[in-house]
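# Fold and contact review
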Amino acid sequence: MIFRKFAVNFAVLFFALFTMFLLSGPINTFADEKQEYYEMIVPEPKDPKPGELIMAAEWRIWIPESVKTLRGVVVHQHGCGEGSCNSGRTGAYDLHWQALARKYDCALIAVSYRQNKHRCEMWCDPRNGSAQSFLNALDYFAKKSGHPELTVVPWALWGHSGGGHWCGSMVQLYPKRVMAAWLRSGHPDCVGRIYDSLPMNSDVLQVPIMLNLGAKETDMHSVFDGGREYFQKIRSEGAKIGLMIDPNTHHETGNSRYPAIRFLDLCMEQRIPAVPGSADLRPMKTECVLPADAIGNKDHEKYLQKGIWLPTADFADVWKKYSKDNTFDDSTPPAAPFEVMLDQSGHMHWKCRADLESGLQTFEIRCDGKKIADLPTQKSVHGRPLFQGMSYSDSPDPSLPKMEYQIANYKSGEKHVYSIGAKNTAGLLSPFINAEIK
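Presented here is a report on the structure given in the accompanying data block. This structure is a prediction, so every number in the text was calculated from the model and none was measured. (Residues numbered from 1 in each chain as written. Predicted model: local features only at pLDDT ≥ 70, side-chain atom pairs only at ≥ 80, totals over all residues. Heavy atoms only, no water.)

### A look at the state of the cysteines
- Counting across every chain of the model gives one disulfide.
- Two residues, Cys 80 and Cys 120, share a disulfide whose sulfurs are 1.7 Å apart. You can see Cys 80 sitting in the loop between strand 4 (72-77) and helix 2 (82-87) and its partner Cys 120 sitting in the loop between strand 5 (106-114) and helix 4 (121-124), a full 40 residues away along the chain.
- The partly exposed category is assigned to Cys 80, whose relative accessible area is 23%. (Disulfide = S-S within 2.5 Å. Helix = DSSP H or I, 4+ residues; strand = E, 2+ residues; numbered from the N terminus. Buried < 20%, exposed > 50% of the residue type's maximum accessible area, 1.4 Å probe, protein only.)

Here it is, written out as structure tokens:
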């Protein structure tokens, strides 16, 4: 087991150390405030014991250094296959998911299972050692970060495909530890019918869950048809579970992060323990139930006899918009960049937090009030363009671009005012902040 602590003031060391763990070159990182990243590399066991994870795993966690006592952990869980496993390597560096975690004084954790030759269910069924690996990672990070509460605070779970299978199963295994769960194209019935062998009790029924399927993945019967059956089964028993069907996607995550973060936000607001460091989850105090015919498709209605559970009446508007055209509205501008600096060579750098509702798309740079540049966004073929890009499995591009820009033809001493604003994925601009000349 290998452990390293990465502080943002030692970026060069960070880049060098990460090279050995990435498939293609070093990873760049940046920060908008003092904060810390930790990682734990677990090698594949030569002679695994019964119940032990049989594959290697790379755990990474982000903890805002300004938080004295954590209140929870946001978990971003990739899906099955080599590509999805690799995407897990950047999950803890996602600015948008960090925004959700930061709002509630939470850590953000992501794993990269080195599935390789092993079958998917050897990790996506948490009883095959991945649940214990997760708990081991929390225990390890608790000791190394000085946050012992990591071993007891609750979790907000997000998972894609096999990760949805894992998250849904974790709800049933550890219901008193889960604030809420978003299952994108995955559920406990994806890999064989196992939900009947998992616990189902009153504690499980109190955990808010959203099952999110792609309308075009009907060819994946265990995911789509099995997902509707899973929904019907636990909803009929009184579970607080909703169903959102994305009209535009197949198995990719698409734009699902926007309603997912909003859903988890609403649930965490009500459920997170009132006392930092506590394990005492609070019950949901609000809910909204949409009738079976709300989904607008007769083929689905037989699965929806008890209606679609939602956390609030306001989220019904989000549900209807996303279910209709895969979009998500946002009328509030993002926060402005800060600590904007410009040196004598024309190199500008800054810090910025992602917009909780709509993430971070790009930055606009102005000279004397006139736009001179839009920073390029990373390719996001599966959803809205993002500053960090987005993979098939909702993780940032490995390049992790830095917040910096070199002004062309800059001449030191000339009296110009350079400013910068942030733009979210709804196209809204923040206030512009003037650069401070070093």
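Still more to cover.
### Quick notes on the packing of aromatic side chains
- According to the stated counting rule, one finds 14 aromatic pairs in the structure shown.
- For the ring pair Trp 59 and Phe 134, a centre distance of 5.8 Å and an interplane angle of 35° mean the geometry is tilted. Note that Trp 59 is positioned in strand 3 (residues 56-64) and Phe 134 in helix 5 (residues 130-145), a separation of 75 residues in sequence. This pair shows no difference in class: Trp 59 is buried, exactly as Phe 134 is.
- Judged by centre distance (5.3 Å) and plane angle (85°), the rings of Phe 363 and Phe 387 are edge-to-face. (Phe/Tyr/Trp six-rings, centres within 6.5 Å; stacked < 30°, edge-to-face > 60°.)

### Some points on helix 3 (residues 95-103)
- Burial analysis of helix 3 places eight of its nine residues in the buried class, the great majority of the element.
- Along helix 3, the residues classified as buried are Leu 95, His 96, Trp 97, Gln 98, Ala 99, Leu 100, Ala 101 and Arg 102.

### Some words on helix 9 (residues 257-271)
- Over its 15 residues, helix 9 extends 20 Å from the first C-alpha to the last, a length consistent with the 21 Å expected when each residue adds 1.5 Å.
- With 13 of 15 residues buried, helix 9 lies mostly within the body of the structure. (Expected span 1.5 Å × (residues − 1).)

Interpretation note: all reported values are geometric properties and have no functional meaning in isolation.
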